[in-house]
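Structural features, examined
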Amino acid sequence: DAGITQSPRHKVTETGTPVTLRCHQTENHRYMYWYRQDPGHGLRLIHYSYGVKDTDKGEVSDGYSVSRSKTEDFLLTLESATSSQTSVYFCAISESIRGRAYGYTFGSGTRLTVV
Amino acid sequence: GNSVTQMEGPVTLSEEAFLTINCTYTATGYPSLFWYVQYPGEGLQLLLKATKADDKGSNKGFEATYRKETTSFHLEKGSVQVSDSAVYFCALSGVNNNNDMRFGAGTRLTVKP
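Below is a short write-up of the structure. All values derive from a computational prediction rather than experimental measurement.

About the thresholds
- Residues numbered from 1 in each chain as written.
- Chains lettered and ligands numbered in written order.
- Predicted model: local features only at pLDDT ≥ 70, side-chain atom pairs only at ≥ 80, totals over all residues.
- Heavy atoms only, no water.
- Helix = DSSP H or I, 4+ residues; strand = E, 2+ residues; numbered from the N terminus.
- Rg over C-alpha atoms; globule rule 2.2 N^0.38 Å.
- Buried < 20%, exposed > 50% of the residue type's maximum accessible area, 1.4 Å probe, protein only.
- Contact = heavy atoms within 4.5 Å.
- Core = buried A, V, L, I, M, F, W, Y, C linked by side-chain atoms within 4.5 Å.
- Pairing = 2+ DSSP bridges.
- Axes fitted to C-alpha atoms, helices over the stretch in contact; angles between N-to-C directions.
- Salt bridge = Lys/Arg side-chain N within 4 Å of Asp/Glu carboxyl O.
- Buried area = accessible area lost by both parts, 1.4 Å probe.
- Polar contact = N/O pair within 3.5 Å; in protein donor to acceptor, adjacent residues only side chain to side chain.

Let us now look at the overall build of chain B. The number of helices and strands found in chain B is zero helices and 12 strands. Over its C-alpha atoms chain B spans a radius of gyration of 14 Å, differing by no more than 12% from the 13 Å that the globule rule assigns to 113 residues. Projecting the C-alpha coordinates of chain B onto the three principal axes gives extents of approximately 45 × 30 × 20 Å. Here chain B holds 113 residues, and 45% of them are scored as buried. Long-range contacts, defined as pairs at least 24 residues apart, comprise 56% of the intrachain contacts of chain B with a sequence gap of at least 6.

Given below as structure tokens:
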């Protein structure tokens with residue numbers, strides 16, 4: 001979807017190095033999310049943001065941090081990458097109507113390999 | 001906690017066959033329910049949704065009805081095509097005014113000519 005882009009699309013990194021993934025949106029949506037997708041687990045929420053500088057943890061947040069200094073950008077950082085963090089990472093955005101989810105728009109994903 | 005359980009795959013059908021993918025949920029409150037589709041190498045795309053009990057979501061020949069009494073949101077299509085081959089995810093959100101979306105594990109559908 002043209003309204004949300006992730007970078008990079010692919011990355012190979014070494015164990016112990018920091019890695020930052022970027023999500024950029026042009027839709028001015030309030031909510032942004034980072035998920036990881038692994039076989040047999042579907043998508044699991046890592047962190048999410050409900051506004052600039054407002055973030056919260058999801059169900060698999062250990063080893064990850066996020067920042068949102070502008071509405072349009074949501075960064076995911078792996079502080080010290082491990083092989084268990086090899087995954088496909090998806091960013092999503094949503095707007096909310098009267099507090100209920102309108103549905104998410106997903107980016108195309110970042111395939112991260114930690115060797 | 002809030003969760004979604006969907007039928008395990010993979011599912012393999014012949015073209016023009018009837019499709020059902022089962023989805024049940026556990027949630028406090030009154031969630032919105034969704035089906036997403038993921039084609040190879042792409043992100044998830046919203047297929048259909050329903051926001052309250054007895055609502056029917058529909059799109060591209062797919063349908064699902066929000067059944068509160070059975071806590072279910074089964075996906076159906078009367079006649080599948082090869083182009084429907086993808087992974088399908090059931091999801092819920094909006095519980096207690098929280099936008100956090102929970103996904104099922106996904107069901108891979110392969111349609112053969």
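Having seen it, we continue.
Attention shifts here to the nonpolar core. Residues and elements named next belong to chain B. Core analysis: the biggest nonpolar cluster contains 25 residues, and Trp35, Leu47, Leu48, Phe73, Leu75 and Tyr88 have the highest contact counts within it. For this core, the elements supplying multiple residues, two or more each, are strand S2 (11-14), strand S3 (19-21), strand S4 (23-26), strand S5 (32-38), strand S6 (44-50), strand S8 (62-65), strand S10 (86-93) and strand S12 (107-112). Looking at this core, the element that brings in the most residues is S10, giving four residues.

Looking now at the sheet that holds strand S1 (residues 4-7) of chain A. All names here are of chain A. In space, the four strands of this open sheet follow the order S1-S3-S8-S7, with antiparallel pairing throughout. Bordering the open sheet on either side are S1 and strand S7 (64-70), each of which pairs with just one other strand. Pairwise comparison of adjacent strand axes, ignoring direction, gives a mean angle of 20 degrees for this sheet. Where S7 and strand S8 (residues 73-78) come together, five bridges link them in antiparallel fashion.

Now for the pattern of salt bridges. Residue and element names in this part refer to chain A. Tallying each qualifying case throughout the model produces seven salt bridges over all chains. A salt bridge links Asp38 to Arg36; its shortest N-O distance comes to 2.8 Å. Comparing Asp38 with Arg36, the two get one shared label, buried. The residue Arg44 makes a salt bridge to Asp38 at a minimum N-O spacing of 2.9 Å. Here the salt bridges do not stand alone but share partners, grouping Arg22, Lys70 and Asp73 into one network.

A few words on the sheet that holds S8(B). Residue and element names in this part refer to chain B. Across the sheet, which stays open at both edges, the four strands sit in the order S3-S9-S8-S7 with antiparallel pairing between neighbours. Looking at the sheet topology across the chains shown, the edges are occupied by S3 and strand S7 (56-59). Direction aside, the axes of adjacent strands within the sheet are offset by 15 degrees on average. Across two bridges, the pairing between S8 and strand S9 (residues 75-77) is antiparallel. What sits directly across from Phe62, in S9, is Lys77.

Turning our eyes to something else, we now look at the interface of chain A and chain B. In this assembly, 26 residues from chain A lie in contact with 24 residues from chain B. Surface buried jointly by chain A and chain B totals about 1800 Å² across both partners, of which 48% is contributed by carbon and sulfur atoms. In this structure, the connection of chain A to chain B is made through zero salt bridges. Viewed at the interface, chain B and chain A are joined by four residue pairs in polar contact (both at pLDDT 80 or more). When contributions to the side of chain A that touches chain B are tallied by element, the ones reaching two or more residues are strand S4 (31-38), strand S5 (42-51), strand S9 (87-94) and strand S11 (100-101) of chain A.

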